[in-house]
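Observations on chain architecture
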Amino acid sequence: MTTTLHINGKDRQVDADPSTPILWALRDTLGMTGTKFGCGAALCGACTVHLNGQPIRSCVTPISAATGQKITTIEAVTDGSDKVGKAVHEAWVKHDVAQCGYCQSGQIMSATAFLKSVAPGKLPSEADIDSAMAGNICRCGTYARIRAAVADAAKTLA
């Protein structure tokens, strides 16, 4: 069955069962490998994408739930055209966040969605950042650098 998905500002045709998780439509059907498979149970956050601006776990969200919705992936957030994504990406590099790097696309997607939800000019507290990023696991334990990068991106955007 063919489904039309609106991904990164473009309509894309996906020939897959409607119950297919968005993750596999992105990776296997469309060749967009920036979104990672981690646990397959929506527990680690490696597969995070935005659905209408909200972070979701693409490993458990079927493509049928995304029909007529806007999907944004790491490819669009880090291409330099998204102001918040650019600030987050630059802060990630500045704070040398990535170690193995596997969780980073999900971390950046969660951080970007969080910072877009923060009131203009408001700086989030460490507790706010920790709460927003709590669903993303980093096996390398770079949480202090992640927190610093999110705070730095918030300052850049304020």
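Quick look at the structure, then. (Residues numbered from 1 in each chain as written. Predicted model: local features only at pLDDT ≥ 70, side-chain atom pairs only at ≥ 80, totals over all residues. Heavy atoms only, no water.)

1. With respect to the pattern of salt bridges
Taken as a whole, this structure holds four salt bridges when the rule is applied. When the shortest N-O distance is used, the salt bridge between Asp128 and Lys122 registers 3.6 Å. Judged by its relative accessible area of 30%, Asp128 falls in the partly exposed class. Under the relative-accessibility criterion, Lys122 is labelled partly exposed at 44%. (Salt bridge = Lys/Arg side-chain N within 4 Å of Asp/Glu carboxyl O. Buried < 20%, exposed > 50% of the residue type's maximum accessible area, 1.4 Å probe, protein only.)

2. Overview of the pairing of strand S1 (residues 2-7)
Only one face of S1 is covered, namely the one carrying Thr3, Leu5 and Ile7; the face carrying Thr2, Thr4 and His6 has none of its residues buried. Here S1 folds back onto strand S2 (residues 10-15) in antiparallel fashion, the turn holding two residues, of which Asn8 has a positive phi close to 50°. Where S1 and strand S5 (residues 70-72) come together, two bridges link them in parallel fashion. When the bridges of S5 are listed, Ile7 appears paired with Ile71. (Helix = DSSP H or I, 4+ residues; strand = E, 2+ residues; numbered from the N terminus. Pairing = 2+ DSSP bridges.)

3. Brief notes about helix H4 (residues 104-117)
Over its 14 residues, H4 extends 20 Å from the first C-alpha to the last, a length consistent with the 20 Å expected when each residue adds 1.5 Å. Counting buried residues in H4 gives twelve out of 14 residues, a clear majority hidden from the surface. Restricting attention to buried positions, one finds in H4 the residues Gln104, Ser105, Gly106, Gln107, Ile108, Met109, Ser110, Ala111, Thr112, Ala113, Phe114 and Leu115. (Expected span 1.5 Å × (residues − 1).)

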